[in-house]
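Tertiary structure, described
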Amino acid sequence: MLEKRAVARVDRRGALQVQTRFSLDVDEETYLRIIYQKTASLIECACRIGASFLPDGERYDAIFQSFGRQTGLVFQITDDIFDYLGDPRRLGKPTGCDWAEGRITLPLIAAWREADAAQRRELAEMAASRDPEVRSASWPEVQTFVQRHGGVDYA
């Protein structure tokens with residue numbers, strides 16, 4: 001029974017990111033919930049487990065929990081920034097994968113918020129396709145959009 005509840009919890013956590021794929025209407029609060037669930041919660045738990053080995057670990061649990069959560073959020077936001085700024089050769093992975101796969105990240109959310117209606121319409125046209133190849137082809141324009149509207153700086 002416990003295993004079923006754990007699996008259901010994992011399914012719900014992953015479901016939010018799947019539900020919001022390809023949606024340019026993802027807000028910052030939702031994005032932060034997604035990255036907490038997929039990255040920060042893992043680091044948070046690791047920090048809390050480490051604290052539990054201390055003789056008076058309960059006393060420090062909240063501190064380690066907060067540290068782990070914040071570290072995980074910063075890690076994921078930084079990774080999302082590298083998607084826009086990074087050199088694939090230096091990163092060891094291609095850039096633009098989040099866009100190609102329909103994941104909307106903080107740099108794009110911030111840029112979308114700052115863009116005017118005409119610029120949003122142009123991006124929305126590019127975002128309308130769910131074909132990874134079509135989306136990958138539009139990646140340079142998306143990078144320019146995010147840079148022009150301060151998305152990376154905000155993130």
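Because the structure is a prediction, the values reported are computed rather than measured.

Turning next to the overall build of the protein. Tallying secondary structure elements over the protein gives ten helices and zero strands in all. Its helices and strands in sequence order give the protein the pattern α-α-α-α-α-α-α-α-α-α, from N to C terminus. Along the three orthogonal principal directions, the C-alpha set of the protein runs to about 60 × 35 × 30 Å. A total of 155 residues make up the protein; the buried ones form 35% of that total. The contacts of the protein with a sequence gap of at least 6 include a subset with a gap of at least 24, amounting to 68%. Counting only carbon and sulfur atoms, one obtains 55% of the accessible surface of the protein, whose full area is about 9700 Å². The positive charge centre, built from 21 side chains, and the negative charge centre, built from 24, are 5 Å apart in the protein.

Further remarks concern the side chain of H149. Turning to its location among the elements, H149 is positioned in the loop between α9 (139-148) and α10 (151-154). Take H149: its relative accessible area is 13%, and that puts it in the buried class. A distance of 3.4 Å separates the side chain of H149 from the side chain of Q119, its partner in a polar contact. With residues up to four places along the chain from it excluded, the contact list for H149 reads A111, E114, A115 and Q119.

Okay, the packing of helix α6 (residues 106-114) against helix α7 (residues 117-127) next. Remark: α6 packs on α7, axes separated minimally by 8 Å, with the N-to-C direction vectors making an angle of 140°. Classified by the angle between their axes, α6 and α7 sit oblique to one another. Contacts from L108, W112 and R113 in α6 reach R120, L123 and A124 in α7. By residue class, the composition of the contact of α6 with α7 is four nonpolar, no polar and two charged.

All chains considered together, the criterion is met by one aromatic pair. With a centroid separation of 4.9 Å and 45° between ring planes, the pair formed by Y84 and W139 is classed as tilted. With Y84 in helix α3 (residues 57-85) and W139 in helix α9, this pair connects stretches of sequence that are 55 residues apart. Each member of the pair, Y84 together with W139, is buried. Lying over the aromatic face of Y154, R113 brings its terminal NZ or CZ to 4.7 Å of the ring centre. The ring centre of W99 lies 4.0 Å from the NZ or CZ of R135, which sits over that ring.

Another aspect to go through is the nonpolar core. Considering soluble globular proteins, one finds that nonpolar side chains tend to be buried as a cluster. Within the largest apolar cluster, 25 residues are counted, with the highest numbers of intra-cluster contacts made by L24, W99, L108, L123, F145 and V146. Among the elements of the structure, α2 (28-52), α3, α6, α7 and α9 are those that each provide at least two residues to this core. Not counting chain neighbours up to four residues away, the residues in contact with L24 comprise W99, I104, L108, W112, L123, A124 and A127.

Right, let's talk about the pattern of salt bridges for a bit. This model, assessed by the stated rule, comprises seven salt bridges. E28 is the partner of R113 in a salt bridge, and the nearest nitrogen-oxygen pair spans 3.1 Å. In this pair, R113 sits in helix α6 while E28 sits in helix α2, placing the two residues 85 residues apart along the sequence. The partly exposed category is assigned to R113, whose relative accessible area is 38%. For E44, the salt bridge is made with R69, and the minimal N-O distance between the two is 3.1 Å. Of this pair, E44 sits in helix α2 while R69 sits in helix α3, and the two are 25 residues apart along the sequence. Since its relative accessible area comes to 4%, E44 is described here as buried. The class for R69 is partly exposed, based on a relative accessible area of 27%. Here the salt bridges do not stand alone but share partners, grouping D98, E101 and R103 into one network.

Definitions and cut-offs
- Residues numbered from 1 in each chain as written.
- Predicted model: local features only at pLDDT ≥ 70, side-chain atom pairs only at ≥ 80, totals over all residues.
- Heavy atoms only, no water.
- Helix = DSSP H or I, 4+ residues; strand = E, 2+ residues; numbered from the N terminus.
- Buried < 20%, exposed > 50% of the residue type's maximum accessible area, 1.4 Å probe, protein only.
- Contact = heavy atoms within 4.5 Å.
- Areas by Shrake-Rupley, 256 points an atom, 1.4 Å probe, with all protein chains shown as cover.
- Lys, Arg positive; Asp, Glu negative; His and termini not counted.
- Charge placed at Lys NZ, Arg CZ, Asp CG, Glu CD.
- Polar contact = N/O pair within 3.5 Å; in protein donor to acceptor, adjacent residues only side chain to side chain.
- Axes fitted to C-alpha atoms, helices over the stretch in contact; angles between N-to-C directions.
- Parallel < 35°, antiparallel > 145°, perpendicular 65-115°, else oblique.
- Nonpolar A, V, L, I, M, F, W, Y, C, P; charged D, E, K, R; others polar.
- Phe/Tyr/Trp six-rings, centres within 6.5 Å; stacked < 30°, edge-to-face > 60°.
- Lys NZ or Arg CZ within 6 Å of the ring centre and 35° of its normal.
- Core = buried A, V, L, I, M, F, W, Y, C linked by side-chain atoms within 4.5 Å.
- Salt bridge = Lys/Arg side-chain N within 4 Å of Asp/Glu carboxyl O.

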